[in-house]
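Examination of the molecular architecture
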4 protein chains.
Amino acid sequence: MNTFGHIFRIQIFGESHGNFAGITIDGCPPGISIKEKDFKTDLARRKSGAKGTTARKEEDKTLIISGIHNKHTTGAPITILFENKNTRSSDYNFRTHPRPGHADFVADKKYNSFNDDRGGGHFSGRLTLGLVAAGVIAKKIIPSIKIKAKLIEAGGSKNIAKAVENAVKSGDSIGGIIECRVTNAPVGLGEPFFGSVESLISHAIFSIPGIKGIEFGSGFEAAKMRGSEHNDLIINKEGKTKNNNAGGINGGITNGNDIVFRVAVKPTSSISLPQETYNFETEKTEILEIKGRHDACFALRVPVIVEAVTACVLADLFLTHK
Amino acid sequence: MNTFGHIFRIQIFGESHGNFAGITIDGCPPGISIKEKDFKTDLARRKSGAKGTTARKEEDKTLIISGIHNKHTTGAPITILFENKNTRSSDYNFRTHPRPGHADFVADKKYNSFNDDRGGGHFSGRLTLGLVAAGVIAKKIIPSIKIKAKLIEAGGSKNIAKAVENAVKSGDSIGGIIECRVTNAPVGLGEPFFGSVESLISHAIFSIPGIKGIEFGSGFEAAKMRGSEHNDLIINKEGKTKNNNAGGINGGITNGNDIVFRVAVKPTSSISLPQETYNFETEKTEILEIKGRHDACFALRVPVIVEAVTACVLADLFLTHK
Amino acid sequence: MNTFGHIFRIQIFGESHGNFAGITIDGCPPGISIKEKDFKTDLARRKSGAKGTTARKEEDKTLIISGIHNKHTTGAPITILFENKNTRSSDYNFRTHPRPGHADFVADKKYNSFNDDRGGGHFSGRLTLGLVAAGVIAKKIIPSIKIKAKLIEAGGSKNIAKAVENAVKSGDSIGGIIECRVTNAPVGLGEPFFGSVESLISHAIFSIPGIKGIEFGSGFEAAKMRGSEHNDLIINKEGKTKNNNAGGINGGITNGNDIVFRVAVKPTSSISLPQETYNFETEKTEILEIKGRHDACFALRVPVIVEAVTACVLADLFLTHK
Amino acid sequence: MNTFGHIFRIQIFGESHGNFAGITIDGCPPGISIKEKDFKTDLARRKSGAKGTTARKEEDKTLIISGIHNKHTTGAPITILFENKNTRSSDYNFRTHPRPGHADFVADKKYNSFNDDRGGGHFSGRLTLGLVAAGVIAKKIIPSIKIKAKLIEAGGSKNIAKAVENAVKSGDSIGGIIECRVTNAPVGLGEPFFGSVESLISHAIFSIPGIKGIEFGSGFEAAKMRGSEHNDLIINKEGKTKNNNAGGINGGITNGNDIVFRVAVKPTSSISLPQETYNFETEKTEILEIKGRHDACFALRVPVIVEAVTACVLADLFLTHK
C-alpha cells in the first residue's frame, strides 16, 4: 500500500537509484494556486547538504506531469516527479550482506529477491520528496491551519548542533525527537474509532522511514498522571482548555486547542564505523564497513516531512467534513 | 469511519446506553471453528467487576446474528451483538456540562447536538466489546502467531495492585503502560510506506479509547541511542537478531523477531472527586461531581483489547500476503 | 465485499434462513429525521405476497439497533435488522443437486462447503431488505432529487399482468426490464474514469440478484446511431438538452438532465416445472422438481431495490461533492 | 476517483494536451517478466492511424519510471508515462461553445473553469493508454486465463469496414458493439453482492469513454426468456453447462464457464459535419464546425481497452482470492 487518504489521496512511487521518485495526488480541489517556487522552501528544509546530512547532492526540481494548468490545480490528478541524478553504483551486495538496521533483509525475503536493491530501492528516504510536495499542496487547502514541527532533541541532548557534530566526528549516527504543533484546527475533525485523529496521524507518521514512536499531548507521561491532574478544564465556550494534556484531541476528535504530538526518530542505520554483520553466503558474522554517504542525523531532515504528512491528514479530514 | 482492514474488515456500531453494541466482520475465510465459548476468556479479561473497574454489570453474552453455521465461519459477514442491560438514566446533562477529558464537548459540536449523549453514546468503551470478539476470530486465523499484552505499570508504579487501590481510595483515576509482544510472526508482513506494520498497528491501537502514545522496539529510547548501539545484528540465516531494538520491524516489514510495542493509557476521565467544569449555559466554571460508576483504572481492561486489534491487523496482513 | 460507498457506506449481512438479515450504514450525516413508518412504503413495494411473488410471508419489521436517537440520525453507524421467521427446512440437498441458475454450485466450491446453504444462505434476495432500508435513508439525504423505477416489460411483453399470470399458470418464471429515471440531479456529480456515474450505478445495480444488463440513455441503441443523431444539443444555459441520448451523463458526470437507465432482470431460477439437473453424487443428469415457494416474476419486486441502490450512490456522491 | 482495484490497484493521470498521460500500478507481485516490447501489440491495437480513426499521430512509447528492474516487476509501484507530442492548439473555445456530446460543459461547471480544457483535458481517450499498459501487466499475472474482445457490429451493421467507410465519407461518426469472452477463468472468483464479477467488470468498463451499456450472458435477451429456457444445465462435475445464458457468472461468482459480455459504444461525439451548438456568451444556438482530427469510429480502438480493464479486474480477483 503506497496510497493514503480518503478524499485527498496520495500515491508514492520510485526508487533511490531509479530514474525518478514521484507522487500522484488525487482528489485535490480545483483552483488552488500552485507555482514551482511554492515547493522550494519545504524541499530545501528536507534537502541534504548541511552538516550531519548525506553528501548526496540532488537538485530536487519538481517536474509537474499533470493536474496543474495555468498555475492552478485543475481537479484532475497531480503527478510530480523528481529526477535522481547523483546515484552511484556500489560494489556492496545488500542481498548477501544485509545492512544492520536496514530493510535489506526483509525486502529480499518479501519480494523473492526481485526488489530493486540499489541504494535500498523503494525503501528509501528519497521517496519522502513526494510527501513533502504533497504537503505543500495540502497546506494550501487549509491555509488558516498552521503546522510547525521542529527537532527538539538529538542524540538525547537539547544541544542539537553539538550532538550532530559529535556523531559526525565519531562516524556514528544519532536520532532525535520532533515536536509538531498544529494551531487553528477547527473543532470536530476526525471520526470515532478508526477515523480518530490519532489513528490517522500516527498511520501517516509511521510511513516516514525511521520513526519508532509517537505520543499525543502528555503522551507516555499521561500514563503516570491522575485523572484529576490530566483532565483539561474547559475555560470558555469555544472549548479552550486551561491545560492541554489531551494534545487537542478528545475521543479522537479535535477540540479546537493546539494539536500537539512528538515523534521519536531512531539513529540512521547507515554509519561509517565498522560494524558486525551477517554474511548469508558463509553464514558467519563478519565486519562490515559501509563506504560513502550517509546522514549522521537523518532526524534533522524529518520535521518538514512530519509537517507534510500531517497536512495531508488534515486536508483530507477538512475536505471530508466540509 | 468505523471500519478497519483490507481483507479482514471490521465495522463497529452501537452506543453505551442503546440496546446493543456490535460488530460485523467481513472477509473472514470459511471453515474456522467458532463456538460461543471461544469468546469467554477474552471477554472476561475485558469485563468490569474487579477492583478498580466500573460497577456496571453486564453479561456480555455474544449474540451471533450471521456468518456462522454449524459452528464454523461460512465466508459470509459475521455480525455479533452484545446487549446493554445495566444502563442507568442520569440527570446529568452532558451538553451543558461536558465532562472534562471526555468527548462530550466535541461530539455535541460535531454532530450538531444530534449525537446520542446517554453515557457517552457511541464514544464509549462499551464498543470495544466488538473489537474483542473480532480479535477472538482473528487469532484463530493466525493460530501459530502468539499475541500477549499485559499492563506493566499503572499510575507510574510497577506495583499495580497498590496503585489501583490508592486510586480507588482517593476517588481519583490512574492510567498505565501496556506492553504487547507478538511471537512467531513470519518475515515479510507489511508493505512499504502507508502499509507499514507500525502504521497499521498504531492506526488500530489509537482507535481504543484513552490511548495517547505508542512506541515500537526501543521507541523513544531509540532517539537517544547511537546507530552503532541501535542497529540489530543478524545472527542466523532466518534473520534472528542479537538485540531487538527494532521491535521486529524494519522498513515497516516484519523481520521474524518478536514484534514488541508499548502503549500509554491515560487516566480515566470519569472520577468521583469533585472537579471544576465549564457550564455552557451560565458560561462560568463550576464544581462538578459525577456520581456513580467508573473505572478507577480502565488500563486494567485494555490489554485484551490491544491484543484484539493487533490480531485483526496481523490476520488482515496474513490474508493479504498469503 | 459486502460493503459499498465512499462517504455513505453500507455493509450488508445475514442469510435467508438464519435469524436475521441486516445492514449497517456508516457515514450518514446527523439530524436526519427517521421514524419506523418511513420504511413502510418502500419495504411494502419489495414485499412478496402479490400474484407472481413467493408465498414466503415475512413481517419485514425494521429493528433499529443503533445510530438513531430521538427519531433522528446521530451521525454514528446505523444498524437495522430484519427477522427471518417464515423459514422452512427443506430435504433438498443443494450441495449434491445444485439448482440450475442458482449460486449453489459456486458457493459450495468457493467456500469449501462451509457456506450456509439453507435457502441459498447469504446468496438470497432476502438480503435486499437492508438495501431498501438504506435507500429510504439515502433518499432523505437528497430530498430534492427524485428517483423513480418501474417495471416496463415482463417476459418480453408490455402487458405485465398477463405475462405474470401465464408464468404462474405454467409453473415457469419470467424476467423483465426496469427503467429508472432520476430527476433534479445537479450538474457535476461523478468523477472522471473510475468514479463515473455509470461506473458507480452499474456497480451497485449488479449487486442486486438476477440483474444481467444495464444501459444508460440510448444505451445499446446508441451503438446503431450516428454522431449527428446521438449528440444532444444544449438549449439553455443550465445545460438542458433537446434530446437525452446521453441519459443525463457526459464523461461520467451528471449534466443536469434526467439520469435514465434500464436494467435487465433474468427470469427467476427457481421454477415449479420439473427440470434437468446434475447429481454430483451419481455424476449423472436427473430430473429435479423443486417444491414450494418461489417468485414467478422476481422482477416485480426489483424496482424499489433499483431505486434504493441508486439513492445510495447519489447520496454518497452528494456527500462527497458538497 | 481515478483509482481502481483492491490488491492490484491502478491510478491514472494526465491530460490530452499536457506533457504526459500515465498510470501507476500498485500491488503487482514481484518477479513478473516485463520488457518494453511486451506492450507493443496491445498499444498498437489501440493506436490511431487506421481508416476510421483520428489522424493524431503519437509514438505511444512506454516510459517506465519505477517498479521494474532487471526486466521484472519488483513488487514496488510501477509508473509508466506516455508522452503527448502531436498536440495542436485550437482556436476553438470549449467553455463558451461546449461540443455536443462531450464533457466540456460538465467539466467546466464541476471544476469552476479551472479544468484543463485543451483537447478535452483529463476527459480524453488518451488516458486509456495507461489502461492498456496496465492490462498488459495484468494479463501476465493470470497467464492461463484468455481474454478476447472484438468489435462485432459497427453503426448497426455486421459489415464493419463498409460502415466505417460510410461514416468517414459522410463526415459523421458511428458506434458499435464489442463482445468480450474470457476462457479458463477458475470457479469462485468474485464476492457476493458488491464484489460480484458483474459489479466489478461493469465498474471498470464504464470508465472507458463512450460506453453506454453492458450485458452479461444473454443479457437483455434474458429478460424475455422463461426460467425453464434460461437456467443453464450443469453437465459435468467441473460445473460445465450445456448453454451459457448466465455468461459464466452465478450469484456474482464465476462458475468456470466462459465469461461473456457485450458493451455498447456510442458514436464518437466529434464529427466533421456542421452541427448545432449552444453559445454560452450569446445564449443562442448556432452552427458549429469542428475542424480537424477525430475518430469516425472510436469503437474500432476499444476492444483492447475492454480486454485491459477486464484483465485488471480478474488479476485483482485472482490476487485477492489466492
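Residues numbered from 1 in each chain as written. Chains lettered and ligands numbered in written order. Predicted model: local features only at pLDDT ≥ 70, side-chain atom pairs only at ≥ 80, totals over all residues. Heavy atoms only, no water.

1. So, the overall build of chain A
For chain A, the count of helices and strands is 7 helices and 15 strands. For 322 residues, the compact-globule estimate of 2.2 N^0.38 gives 20 Å, and chain A sits close to it at 21 Å. C-alpha atoms of chain A, sized along the principal axes, occupy 65 × 55 × 35 Å. Buried residues in chain A amount to 66% of all 322 residues. In chain A, the share of contacts with a sequence separation of at least 24, taken over all contacts with a separation of at least 6, comes to 71%. Separation of charge centres in chain A, based on 42 positive and 34 negative side chains, amounts to 6 Å. (Helix = DSSP H or I, 4+ residues; strand = E, 2+ residues; numbered from the N terminus. Rg over C-alpha atoms; globule rule 2.2 N^0.38 Å. Buried < 20%, exposed > 50% of the residue type's maximum accessible area, 1.4 Å probe, protein only. Contact = heavy atoms within 4.5 Å. Lys, Arg positive; Asp, Glu negative; His and termini not counted. Charge placed at Lys NZ, Arg CZ, Asp CG, Glu CD.)

2. Focus on helix α3 (residues 128-141) of chain C
Residues and elements named next belong to chain C. When the terminal C-alpha atoms of α3 are compared, their 20 Å separation across 14 residues agrees well with the 20 Å that a helix rising 1.5 Å per residue should span. Counting buried positions along α3 gives 12 out of 14 residues, so the element sits mostly inside the fold. Of the positions making up α3, those classed as buried are Thr128, Leu129, Gly130, Leu131, Val132, Ala133, Ala134, Gly135, Val136, Ile137, Ala138 and Ile141. (Expected span 1.5 Å × (residues − 1).)

3. As for the packing of helix α5 (residues 197-205) of chain C against helix α5 (residues 197-205) of chain D
Packed helix pairs are specified by the crossing angle of their axes together with the interaxial distance, meaning the distance between the axes. Between α5(C) and α5(D), whose axes approach to 8 Å, the crossing angle comes to 175°. Here α5(D) runs roughly antiparallel to α5(C), going by the angle between their axes. Along its contact with α5(C), which presents Ser199(C), Leu200(C), Ser202(C) and His203(C), the element α5(D) presents Ser199(D), Leu200(D), Ser202(D) and His203(D). Among the residues making up the contact of α5(C) with α5(D), the classes are represented as 2 nonpolar, 6 polar and no charged. (Axes fitted to C-alpha atoms, helices over the stretch in contact; angles between N-to-C directions. Parallel < 35°, antiparallel > 145°, perpendicular 65-115°, else oblique. Nonpolar A, V, L, I, M, F, W, Y, C, P; charged D, E, K, R; others polar.)

4. Some details on the pattern of salt bridges
All chains considered together, the criterion is met by 104 salt bridges over all chains. The salt bridge partner of Arg95(A) is Asp108(A), with a shortest N-O separation of 2.7 Å. Note that Arg95(A) is positioned in the loop between β7 (78-83) and α2 (104-110) and Asp108(A) in helix α2, a separation of 13 residues in sequence. A residue is classified by how much of its surface remains accessible, and Asp108(A), at 12% relative accessible area, is buried. Between Asp60(D) and Arg46(D) there is a salt bridge; the shortest N-O distance is 3.9 Å. Of this pair, Asp60(D) sits in the loop between α1 (40-46) and β4 (63-66) while Arg46(D) sits in helix α1, and the two are 14 residues apart along the sequence. A residue is classified by how much of its surface remains accessible, and Asp60(D), at 7% relative accessible area, is buried. Each member of the salt-bridge network shares a partner with another, and the members are Arg46(A), Arg56(A), Glu58(A), Asp60(A) and Arg126(A). (Salt bridge = Lys/Arg side-chain N within 4 Å of Asp/Glu carboxyl O.)

5. Digging into the relation of the copies chain D and chain C
What relates the two chain copies is a rotation about an axis together with a slide along it. Relative to chain C, chain D is turned by 180° and slid 0.0 Å along the rotation axis, the superposed coordinates differing by an RMSD of 0.0 Å. Between the two chains, the operation in question is that of a two-fold axis. Interface residue correspondence from chain D to chain C reaches 100%, placing this contact among same-surface, isologous pairings. (Least-squares fit on C-alpha atoms with pLDDT ≥ 70 in both.)

6. A closer look at the packing of aromatic side chains
By the definition in use, this model includes 26 aromatic pairs over all chains. Look at Tyr278(D) and Phe280(D): their rings are 4.9 Å apart centre to centre, the planes differ by 85°, and that puts the pair in the edge-to-face class. Here Phe280(D) falls in the buried class, since its relative accessible area comes to 18%. In textbook terms, an aromatic cluster arises when at least three aromatic residues are bridged by ring pairs, as seen for Phe105(A), Tyr278(A) and Phe280(A). Sitting above the plane of the Phe94(B) ring, Arg99(B) keeps its charged end 3.9 Å from the centroid. (Phe/Tyr/Trp six-rings, centres within 6.5 Å; stacked < 30°, edge-to-face > 60°. Lys NZ or Arg CZ within 6 Å of the ring centre and 35° of its normal.)

7. Description of the interface of chain D and chain C
Taken together, the contact between chain D and chain C spans 101 residues of the former and 101 residues of the latter. Here chain D and chain C share an interface that buries about 7,800 Å² over both sides, 64% of which is from carbon and sulfur atoms. The interface formed by chain D and chain C includes 8 salt bridges. Here chain D is connected to chain C by 39 residue pairs in polar contact (both at pLDDT 80 or more). In terms of residues, the side of chain D that touches chain C owes the most to one element, strand β10 (residues 211-216) of chain D, which gives 6 residues. Tallied by class, the residues present in the side of chain D that touches chain C amount to 44 nonpolar, 40 polar and 17 charged. (Buried area = accessible area lost by both parts, 1.4 Å probe. Polar contact = N/O pair within 3.5 Å; in protein donor to acceptor, adjacent residues only side chain to side chain.)

8. Quick look at the sheet that holds strand β2 (residues 9-14) of chain A
Strand pairing in a sheet is mediated by backbone hydrogen bonds. Such pairs are either parallel or antiparallel. Residues and elements named next belong to chain A. Ordered in space as β1-β2-β3-β7-β4, the 5 strands form an open sheet in which the pairing is antiparallel. Of all strands in the sheet, those bounded by a partner on one side alone are β1 (3-4) and β4 (63-66). Bridging between β2 and strand β3 (residues 20-26) involves 6 bridges; their strand directions are antiparallel. What sits directly across from Arg9, in β3, is Asp26. Helix-sheet contacts for helix α3 (residues 128-141) involve β2, β3 and β7, and the interaxial angle to β7 is about 140°. (Pairing = 2+ DSSP bridges.)

9. Examining the interface of chain B and chain D
Between chain B and chain D, the contact holds 4 residues from the first and 5 residues from the second. On the chain B side of the contact with chain D, His6(B), Ile7(B) and Lys322(B) bury the most area, a combined 75% of that side's loss. In this assembly, chain B and chain D are joined by 1 residue pair in polar contact (both at pLDDT 80 or more). Considered class by class, the residues forming the side of chain B that touches chain D number 1 nonpolar, 2 polar and 1 charged.

10. Focus: the side chain of Ser16(C)
Along the chain, Ser16(C) falls in the loop between β2 (9-14) and β3 (20-26). With residues near it in sequence (within four places) discarded, Ser16(C) still touches Arg56(C), Asn84(C), Thr87(C), Arg118(C), Gly119(C), Gly121(C), Ser124(C) and Arg126(C).

11. Section: the pairing of strand β15 (residues 284-288) of chain D
Strand residues, when the strand is regular, have side chains that alternate between the two faces of the sheet. Residue and element names in this part refer to chain D. Two elements, strand β14 (residues 275-279) and β15, share 5 bridges in a ladder whose sense is antiparallel. Looking at the pairing, Glu276 lines up with Ile287 of β15. In this structure, the hairpin formed by β14 and β15 is closed by a connection of 4 residues, where Glu283 is found at a positive phi of approximately 60°.

12. Describing the sheet that holds strand β8 (residues 146-154) of chain D
Read from one edge of the open sheet, 8 strands run β8(C)-β9(C)-β13(C)-β10(C)-β10(D)-β13(D)-β9(D)-β8(D), paired in antiparallel fashion. The sheet is open, and its two edges are formed by β8 (146-154) of chain C together with β8 of chain D, each paired on a single side. Geometrically, the sheet is characterised by an average inter-axis angle of 20° between neighbouring strands, direction not taken into account. Two elements, strand β9 (residues 176-183) of chain C and strand β13 (residues 259-265) of chain C, share 7 bridges in a ladder whose sense is antiparallel. Paired with Val182(C) across the bridge in β13(C) is Ile259(C). This element, α5(D), spans β10 (211-216) of chain C together with β10 and β13 (259-265) of chain D of the sheet and lies at about 160° to β10(D).

13. Comments concerning helix α7 (residues 303-321) of chain A
If you check α7(A), its first and last C-alpha atoms are 27 Å apart, about what 19 residues at 1.5 Å a residue would give, namely 27 Å. Counting buried positions along α7(A) yields 17 of 19 residues, so the element is predominantly enclosed.

14. Let's talk about the relation of the copies chain B and chain D
When chain B is brought onto chain D, the operation consists of a screw motion whose angular component is 180° and whose axial shift is 0.0 Å, with 0.0 Å RMSD remaining. Taken together, the interface assignments show that 100% of the residues at the interface of chain B recur at the interface of chain D, consistent with an identical surface on both copies.

15. Focus on the confidence of the model for chain A
Mean pLDDT over chain A works out to 94, with 99% of the residues at or above the 70 mark. Our summary of model confidence lists the complex with pTM equal to 0.97 and ipTM equal to 0.97. (pLDDT = per-residue confidence, 0-100.)

16. Section: the side chain of Glu307(A)
Residue and element names in this part refer to chain A. If you trace the backbone, Glu307 turns up in helix α7. What makes Glu307 buried here is its relative accessible area of 0%. Those residues in contact with Glu307, other than ones at most four positions away along the chain, are Arg45, Lys139, Ile147, Lys148 and Ala149.

17. Focus: the pairing of strand β10 (residues 211-216) of chain B
β10(B) sits mainly inside the fold: 6 of its 6 residues count as buried. Relative to β10(B), strand β10 (residues 211-216) of chain A runs antiparallel, the two being bridged by 3 bridges. Across the sheet, the residue bridging to Glu215(A) is Gly213(B), located in β10(B). Bridging between β10(B) and strand β13 (residues 259-265) of chain B involves 5 bridges; their strand directions are antiparallel.

18. Points about unusual backbone geometry
Located in the positive-phi region is Asn112(C), a residue other than glycine, with phi close to 50°. Of note, Asn112(C) is situated in the loop between α2 (104-110) and α3. Of note, the phi angle at Glu283(D) is positive, near 60°, even though the residue is not glycine. Taking the relative accessible area as the measure of exposure, Glu283(D) reaches 41% and is therefore partly exposed.

19. Quick look at the environment of Cys180(D)
All names here are of chain D. Relative to the helices and strands, Cys180 is located in strand β9 (residues 176-183). C-alpha of Cys180 to C-alpha of Phe105: the two residues are 75 residues apart in sequence and 32 Å apart in space. Among residues more than four places away in sequence, those in contact with Cys180 are Ile147, Lys148, Ala149, Ile259, Val260, Phe261, Val306 and Thr310.

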